[in-house]
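What follows is each chain in one-letter form.
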Amino acid sequence: MKEIVINFQIHHTMKRYNLKIFILLILFTQLAHSQSADLSGTVFSNDEKIIKYANLTIQELAIKTTSDINGQYFFNSIPYGEYHIYLTRDGYSDKTVKILIDTNNKIFDIVLVKSLFETPTIDVTGSFSPVDISNSTFSVSSISARTLSKIRGENIANTIQNIPGVNNFSTGNSIGKPVIRGLTSQSVLVVQDGVKHESQQWGDEHAPEISLFDLERIEILRGPASLMYGADGIGGVINIISKPIQFSSMNKNITYGNFDLNGFSMNSEGILNLMLGFGTENFGVKGFAGYRKGGNIKTPDGELIVNTPEGENLIEGGVLSNSSNNEFEGGFKMGYKSNIGIISAEYQNFSREIQLHDNPAEDPNATPNQKLITNHFEAKGVLFFNENLQLEPVFSYETQSRKEYESAEDKTVDNASLNLFLKSLNADLKLNHNLTNKINGAVGLSFGTLNNQSLGDEKLIPNYNAYDFGIYLMEKMELRHFTLSAGGRFDSKYENIKETVFETDSIGNPLKVVSPNNLNFSSFSGSAGLVYKPMSDLDIFANIGSGWRPPSEFDLYADGVHEGTGRYDIGLIIQDSSQNPDPERSLNIDLGARIRSEYINAEISFYRNKVNNFIYPAPSGLTDPESDLPVYFITQASSTFWGYEYNIQIQPVNWMIFTLAGDYVKTKNIQTLQPLPYTPPAKNIITLKFQDNGFSSFYNPYFNISAKIVSSQNNVDPLEATSEGYTLLDIGLGFDYIMSGAIASVDFSVSNLTNKKYTDHLSRYRYYAMAPARSFNLKFTVPFQF
């Protein structure tokens, strides 16, 4: 009860804190002065027909509107300046247009091209300001809102796992950690609307707590991102971009919303989500709530022989006991727009309960489980001093409660073996500037704090405070045939480890204690890139970038049983108290090309990433005598990651598209000359899609079939088992239809069509459980506006 009261006080205090910031930003927008203008126009197709219900978003301001039944759109009170407008409409290629607003009542018509190509047109992840994809020096993929409604899975990693260079490190269907180019956990940043996601990401089964609804798109940047986001992210960034608040374009107020209903037969899972919004000319508000409930996972019937470190093992198919989940997610956001810019404040809650299937050969009745509660508060703004100078402040506060229980009975009485409570506060202040019409950039500083309390019986990590500070500068020059970008950043992190009793005897005397300690880490990081455009439909890009990651408190001081992973972890300093571990430092080189034409759209990239002092959990071959769990040592060794990704789309006729996509990564521990654990196997995906324009109120009916071909993984750590390759067939069909002034959609799909028996190399269940069986999936998305 005391914990509930404390949490309520914290949440109430931070709500007032964010509300005060929100009010101060409103006052600033009233005191400051900037010229503004209205922007309007018509959206046409390349055959000169109007396009109704196209979505238009001004990226810099994060405001959105929709073209009406006459194809017309309208934005009011837009501050003078240069903007990128992002347009989407299924059946047409996404488009990003650059526009300068420097006169009142700007009229700007836009033409969309009929096409089935699905490729990014803008990069907001690899730079401090939006960049047309043809000028991006990074390897970037994007998933639009309509595509997301078709492929949305049970978690973020499952949803994006077929993107080239991306994989899913899974614990059943409920927990998935994104893997980019062979790196995961704290080496991959998850960012939502510009704010880094903090949720004890060091754990193999600690997945990002992110809602997959009410999203504009998801961007995936491959390669180090320390320049933009500071420490961590040496493998890449997953950028979750929410749908903006809508304001009324005319004198009439706007009411809008979205209803989602998803179902998966593989675990009898159902999902409901509802978003409602209201907007006036200057004020907007919206809220959403969602609920997900899934039963135990079904795997194909029969038997399968798999490789394990101890030799071959025969596993049985069927229902995986203790593998269900349920979650609630909800949030509220409000925004205020004036002639100087826009400011917003929001709150989100993500609550999840997960059952973890255990090896039935060890304990068929085991019922370990987790309970997670995340609360996120945020206030931010985009404020225009003039058309060449904009300020972007961001403030966020987040709490996360993570409880892991050894059994269902322990959960009933709230007897958590692992009980972590994390508080994080982050602030970022960025000044965007246009030096000339060809040179622009940003300068800024960031600050963050972390406070962790280990409250359970098992003290896997100590209590600690951590503080970080960063300062950065980036400039970009866009010429006719070249784009040049360069930037640098300095970061410092201070870790204050508090005295923590890990173990006591029967009468409460300390047996194992972590002593207080102070550690300091700092690093310079940077990036330089070049895009060469020898012709209008070809971009050749190259980038060299450095990143860094200081050892986490888990990396340094882990010492105990981790029920979620089923192992005993021992950190670097626990292994040797005289150690002074160094941060990870990476140097990545990217080289690639993008091709765009009427019939072919393609991207291919090659990379090499060397990470000095790479930190990872390695099996020791030992067993903890008390828990009988395998012992893993947290290990440091310089390592290399190199490979390639490709995505080739061919559209020979306007109703059919053929896609080839895939990736390959090879890892090496430079010290042992062996592969690193959990190296993803190569994958290749072949997709054939048929889509028509439709008839009457039905649009874009489609049918697609795809084959995912995953290779065997024989390049493994000596204490890791090899895995067999497999091929999965998926099919899907659906259509869009006009409803309540918006475009709704229905999508039906079948995954693992042939009910293939297999295990995935990156599944933590692979030594004792098959991957999921055939699943029939149905998804309804119904937006509305009036």
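Residues numbered from 1 in each chain as written. Predicted model: local features only at pLDDT ≥ 70, side-chain atom pairs only at ≥ 80, totals over all residues. Heavy atoms only, no water.

K.L.:
Just to check I follow, could you spell out the overall build of the protein chain for this structure?
P.N.:
Counting its regular elements, the protein chain contains seven helices and 47 strands. Against the globule reference of 28 Å for 786 residues, the protein chain gives a C-alpha radius of gyration of 26 Å, in line with a compact fold. Along the longest, intermediate and shortest principal axes, the C-alpha atoms of the protein chain span 75 × 55 × 50 Å. Taking all 786 residues of the protein chain together, the buried fraction comes to 59%. The contacts of the protein chain with a sequence gap of at least 6 include a subset with a gap of at least 24, amounting to 66%. Surface summary for the protein chain: the accessible area is close to 30,600 Å², and the carbon and sulfur share equals 57%. Where the 63 positive side-chain charges of the protein chain centre and where its 85 negative ones centre are 6 Å apart. (Helix = DSSP H or I, 4+ residues; strand = E, 2+ residues; numbered from the N terminus. Rg over C-alpha atoms; globule rule 2.2 N^0.38 Å. Buried < 20%, exposed > 50% of the residue type's maximum accessible area, 1.4 Å probe, protein only. Contact = heavy atoms within 4.5 Å. Areas by Shrake-Rupley, 256 points an atom, 1.4 Å probe, with all protein chains shown as cover. Lys, Arg positive; Asp, Glu negative; His and termini not counted. Charge placed at Lys NZ, Arg CZ, Asp CG, Glu CD.)

K.L.:
How should a positive patch on the surface be read in this particular structure?
P.N.:
A surface patch of like charges, here positive, comprises Arg608, Lys610, Lys666 and Lys668. When contributions to the positive patch are tallied by element, the ones reaching two or more residues are strand S39 (600-623) and strand S41 (656-669). Among the secondary structure elements, Arg608 is positioned in strand S39. Accessibility expressed as a relative area gives 44% for Arg608, which makes it partly exposed. (Patch = residues over 30% accessible without salt bridge, like charges linked within 9 Å, V, L, I, M, F, W, Y side chains within 5 Å. Salt bridge = Lys/Arg side-chain N within 4 Å of Asp/Glu carboxyl O.)

K.L.:
What am I meant to see in the sheet that holds strand S17 (residues 236-242) here?
P.N.:
Adjacent strands of a sheet pair through backbone hydrogen bonds, lying either parallel or antiparallel. Pairing is mixed in the open sheet, where five strands are placed in the order S11-S16-S17-S14-S15. On the outer flanks of this sheet lie strand S11 (139-144) and strand S15 (195-196), each paired with one strand and no other. Where strand S14 (residues 188-192) meets S17, five bridges bridge the pair, whose relative direction is parallel. Note on S17: the bridge partner recorded for Val188 is Gly236. (Pairing = 2+ DSSP bridges.)

K.L.:
Whenever I open this one, empty space enclosed by the protein confuses me. Can you help?
P.N.:
One way to see where empty space is left: roll a probe the size of a water molecule over the atoms. Scanning the model with the defined rule gives twelve cavities of 30 Å³ or more in all. There is about 360 Å³ of room inside the second largest cavity. Around the second largest cavity sit 25 residues that line it, and Thr184, Ser185, Ile615, Tyr616 and Pro617 are the ones nearest its centre. Listing elements by their share of the lining of the second largest cavity, those giving two or more residues are helix H6 (553-557), S39 and strand S40 (630-653). (1 Å grid on protein atoms, 1.4 Å probe; cavity = no way out; pocket = protein on both sides within 12 Å on 5 of 7 lines; lining within 4 Å. Points joined across faces, edges and corners; volume = space filled by probe spheres on them.)

K.L.:
I tried to follow unusual backbone geometry on my own but got confused; where do I start?
P.N.:
A negative phi angle characterises most non-glycine residues, just as the trans form characterises most peptide bonds. The phi dihedral of Asp214 is positive, around 55°, even though this residue is not glycine. Mapped onto the fold, Asp214 is located in the loop between S15 and strand S16 (215-222). The phi dihedral of Asn700 falls on the positive side, at around 50°, and the residue is not glycine. Mapped onto the elements, Asn700 comes out in strand S44 (residues 698-710).

K.L.:
Would you mind showing me how to read the confidence of the model for the protein chain here?
P.N.:
For the protein chain, per-residue confidence averages 89 on the pLDDT scale, and 95% of positions sit at 70 or higher. The low-confidence segment residues 1-15 (pLDDT under 50) makes 13 contacts with residues lying over four places distant or belonging to another chain. (pLDDT = per-residue confidence, 0-100.)

K.L.:
Before we go on, may I ask you to explain the pairing of strand S1 (residues 36-45) in this structure?
P.N.:
Within S1, seven of the ten residues are buried, leaving the element largely enclosed by the surrounding structure. Of the pairings in the sheet, the one linking S1 to strand S7 (residues 106-107) comprises two bridges and is parallel in character. Bridge pairing links Leu39 to Lys106 in S7. Sheet analysis places S1 next to strand S8 (residues 110-112), joined by three bridges and oriented parallel. Bridge pairing in S8 places Ser45 opposite Leu112.

K.L.:
I keep staring at the side chain of Asn239 and nothing clicks. Help me out?
P.N.:
Mapped onto the elements of the fold, Asn239 is located in strand S17. The residues contacting Asn239, other than those within four sequence positions of it, are Val124, Thr125, Val191, Asp193, Gly194, Arg217, Ile218, Glu219 and Tyr229.

K.L.:
What is the right way to look at the sheet that holds strand S18 (residues 245-246) in this model?
P.N.:
A sheet is described by the order of its strands in space; here five strands give the open sequence S6-S5-S2-S3-S18, paired in mixed fashion. Looking at strand neighbours, the two that pair on one side only are strand S6 (95-101) and S18, the edges of this open sheet. Pairing analysis gives seven bridges linking strand S5 (residues 81-88) to S6, with the strands arranged antiparallel. When the sheet's bridge partners are listed, Gly81 is paired in S6 with Ile101.

K.L.:
When you look at a nonpolar patch on the surface in this model, what are you seeing that I'm missing?
P.N.:
Taken together, Val653, Trp655, Phe690, Phe703, Ile705, Leu733, Phe748, Phe776 and Leu778 make up a surface patch of nonpolar side chains, about 740 Å² in accessible area. Of all the secondary structure elements, the ones that give two or more residues to the nonpolar patch are S44 and strand S47 (775-785). Topologically, Phe748 is positioned in strand S46 (residues 742-751).

K.L.:
Any chance you could explain the environment of Ser36 here in plain terms?
P.N.:
Mapping Ser36 onto the fold places it in strand S1. With relative accessibility at 23%, the residue Ser36 sits in the partly exposed group. Sequence spacing of Ser36 and Glu353 is 317 residues, and the spatial spacing of their C-alpha atoms is 48 Å. Those residues in contact with Ser36 that sit more than four places away from it in its chain are Ser77, Ile78, Pro79, Tyr80, Asn104 and Asn339.

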